[in-house]
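Each chain, written out:
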Amino acid sequence: MEKDLILTLDAGTTGCKCTVFTAKGEALSSVRRDYPTLYPRPNWSEQDPDQILEAVFDGIRELLLQVSPQRIACIGLSGTMNGCIPVDAQGNALHPNIIHSDSRTGAQVEEIGRVINKYHFYTLTGNRLDTHYTLPKILWFKENLPEIYDRTRWFMNIKDYIYAHLTGRMGFTDYSDASLTTALDINNRRWATELLGELKLDAERMPKLLVG
């Protein structure tokens, strides 16, 4: 049987859309599974990574009742960015995803600003220093939940969490997601190990960069 279809998974802010396309870009079938965002405190926004993962799996199961799995040539993934999921070595989420709209990290942004000025931060990462990015969230874990930080093997975004559980390949990301962690040296296409070191954060807890 010809492998002539593309399965896409888009884990958005309010739900996951799963769609099968032909090679010409025509949508054959699409399903959506919603999930909630939790707001446990003012300025906090969190989602359960495993609830999202189950939404993805459920969407895939429904689509594969409509098209033959043998026709799927590849899977495309996209998802929200700027998040922060601490994951252990077995791929288990240790805490809800602190998502892009969360702004609890004002103190951590100030701390980063004392280590590196705004201009040099921008030239290093390509982004301004802001509470919504991943780097201050990692620092927040270290300072507020050190027991979780110490157990964390990788800090990941939701797309990479889904990829890990679909493939069994844990702890990988791409340059797109990495660039919006604000922990990437965009000029040298590697993690900004010097900045991480000055913040006393372990660069080994960042996922491996896939060169595409």
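Our subject is the structure that appears above.
Treat the numbers as computed from the prediction; the structure is a model and nothing was measured.

A.B. asks: Before we go on, may I ask you to explain the overall build of the chain in this structure?
C.D. replies: Per the secondary structure count, the chain includes eight helices and 12 strands. For 212 residues, the compact-globule formula gives about 17 Å, and the C-alpha radius of gyration of the chain, at 18 Å, lands near that figure. Viewed in the frame of its principal axes, the chain has a C-alpha envelope of about 60 × 40 × 30 Å. Considering the chain as a whole, with its 212 residues, one finds that 48% of them fall into the buried category. The contacts of the chain with a sequence gap of at least 6 include a subset with a gap of at least 24, amounting to 64%. Accessible surface for the chain amounts to roughly 10,300 Å². Of this, 52% is attributable to carbon and sulfur atoms.

A.B. asks: In this structure, what is going on with helix H4 (residues 134–144)? I would like to understand it.
C.D. replies: Spacing of three or four residues puts side chains on the same side of an α-helix, whose turn is 3.6 residues. Where burial is concerned, most of H4 is hidden: eight out of the 11 residues are buried. Thr134, Leu135, Pro136, Lys137, Ile138, Leu139, Trp140 and Phe141 are the residues of H4 that are buried.

A.B. asks: Is there a simple way to think about the pattern of salt bridges in this case?
C.D. replies: Close approach of charged atoms allows side chains with opposite charge to pair. As enumerated under the stated definition, the model contains 15 salt bridges in all. For Glu194, the salt bridge is made with Arg190, and the minimal N-O distance between the two is 3.2 Å. On the basis of relative accessibility, which here comes to 47%, the residue Glu194 falls in the partly exposed class. Of the residues examined, Arg190 reaches a relative accessible area of 30% and is grouped as partly exposed.

A.B. asks: Would you mind showing me how to read empty space enclosed by the protein here?
C.D. replies: It is the rolling of a water-molecule-sized probe over the atoms that shows where space remains empty. Summed over all chains, the structure comprises one cavity of 30 Å³ or more. Counted as a void, the largest cavity has a volume near 70 Å³. Secondary structure elements with two or more residues in the lining of the largest cavity: strand E8 (154–156) and helix H7 (175–179). For the lining of the largest cavity, the class distribution of residues is eight nonpolar, five polar and two charged.

A.B. asks: When you look at the packing of helix H2 (residues 106–115) against H4 in this model, what are you seeing that I'm missing?
C.D. replies: Working note: a packed helix pair is described by the angle between its axes plus the distance between those axes. Where H2 contacts H4, the two axes come as close as 9 Å, and the packing angle between them is 105°. On the basis of the axis angle, H2 is roughly perpendicular to H4. Contacts between H2 and H4 involve Gln108, Val109, Glu111 and Ile112 from the former and Leu135, Pro136, Leu139, Trp140, Glu143 and Asn144 from the latter. Among the residues forming the contact of H2 with H4, the class breakdown is six nonpolar, two polar and two charged.

A.B. asks: Sorry, what's going on with the packing of helix H1 (residues 49–63) against helix H6 (residues 158–167) here?
C.D. replies: Running from N to C, H1 and H6 point in directions that differ by 60°, and their axes come no closer than 10 Å. Classified by the angle their axes make, H1 and H6 are oblique. In the packing of H1 onto H6, the handedness of the crossing is right-handed. Where H1 abuts H6, its residues Pro49, Asp50, Ile52, Leu53, Val56, Phe57 and Ile60 lie against Ile158, Tyr161, Ile162, His165 and Leu166.

A.B. asks: Would you mind showing me how to read the packing of aromatic side chains here?
C.D. replies: Where two aromatic rings form a pair, the distance of their centres and the angle of their planes describe that pair. Under the definition given, this model contains four aromatic pairs. Plain terms: the ring middles of Phe141 and Phe155 are 6.0 Å apart, the flat faces sit at 35° to each other, and that makes the pair tilted. With Phe141 in helix H4 and Phe155 in strand E8, this residue pair connects regions lying 14 residues apart in the sequence. Each member of the pair, Phe141 together with Phe155, is buried. Connected via pairs of aromatic rings, a cluster forms that spans Trp44, Trp140, Phe141, Tyr149 and Phe155. Over the face of the ring belonging to Trp44 we find Arg104, whose NZ or CZ atom lies 3.6 Å from the ring centre. Between the NZ or CZ atom of Lys208 and the centre of the ring of Phe172, over which it lies, the distance is 5.2 Å.

A.B. asks: Got a minute to help me understand unusual backbone geometry in this structure?
C.D. replies: What is expected of a backbone is that most residues other than glycine have negative phi and most peptide bonds are trans. Backbone geometry at Asn43 places phi at a positive 75°, although glycine is not the residue there. With respect to the helices and strands, Asn43 occurs in the loop between strand E3 (27–34) and strand E4 (46–47). Despite not being glycine, Asn82 shows a phi value in the positive range, around 70°. Among the secondary structure elements, Asn82 is positioned in the loop between strand E5 (72–79) and strand E6 (85–87).

Cut-offs applied
- Each chain has its residues counted from 1, following the order in which its sequence is written.
- Predicted model: local features are reported for residues with pLDDT of at least 70 only, side-chain atom pairs are reported and counted for 80 or more only, and whole-chain, interface and lining totals are derived from all residues.
- Hydrogens are left out, water is left out, and the side-chain values use all remaining heavy atoms of the structure.
- Segments assigned H or I by DSSP are reported as helices when at least four residues long, segments assigned E as strands when at least two residues long, and all are numbered from the N terminus.
- We compute the radius of gyration from the C-alpha atoms alone; for a globule the expected value is 2.2 Å times N to the 0.38, where N is the number of residues.
- Working definition: with a 1.4 Å probe on protein chains only, accessible area under 20% of the residue-type maximum means buried, over 50% means exposed, and in between means partly exposed.
- Whether two residues touch is decided by their heavy atoms; if any such pair falls within 4.5 Å, the residues are in contact.
- Working definition of accessibility: Shrake-Rupley area with a 1.4 Å probe, residue cover restricted to the visible protein chains.
- Take a side-chain nitrogen of Lys or Arg and a carboxyl oxygen of Asp or Glu: if they are within 4 Å of each other, that pair is a salt bridge.
- As defined here, a cavity is a set of points on a 1 Å grid over the protein atoms alone where a 1.4 Å probe fits but cannot get out. A pocket is an open set with protein on both sides within 12 Å along at least five of seven lines, and residues line them when an atom is within 4 Å of a point.
- Grid points are joined across faces, edges and corners, and a volume is the space filled by probe spheres set on the points.
- Think of it as three bins: nonpolar holds Ala, Val, Leu, Ile, Met, Phe, Trp, Tyr, Cys and Pro, charged holds Asp, Glu, Lys and Arg, and polar takes everything else, Gly as well.
- Each axis is a line fitted through C-alpha atoms, and for a helix only the stretch in contact is used; angles between axes span 0 to 180 degrees, taken between their N-to-C directions.
- Any angle that is under 35 degrees is reported as roughly parallel, and any over 145 degrees as roughly antiparallel; angles of 65 to 115 degrees are reported as roughly perpendicular and all others as oblique.
- For any pair of crossing helices, the crossing counts as left-handed if the nearer helix is rotated counterclockwise from the farther one by less than a right angle, and right-handed if it is rotated clockwise.
- Stacked, edge-to-face and tilted are the three classes for Phe, Tyr and Trp ring pairs, Trp counted by its six-membered ring, which pair at centre distances within 6.5 Å; planes under 30 degrees apart are stacked, over 60 edge-to-face, the rest tilted.
- Here, a charge over a ring means that NZ of Lys or CZ of Arg falls within 6 Å of the ring centre while also lying within 35 degrees of the ring normal.

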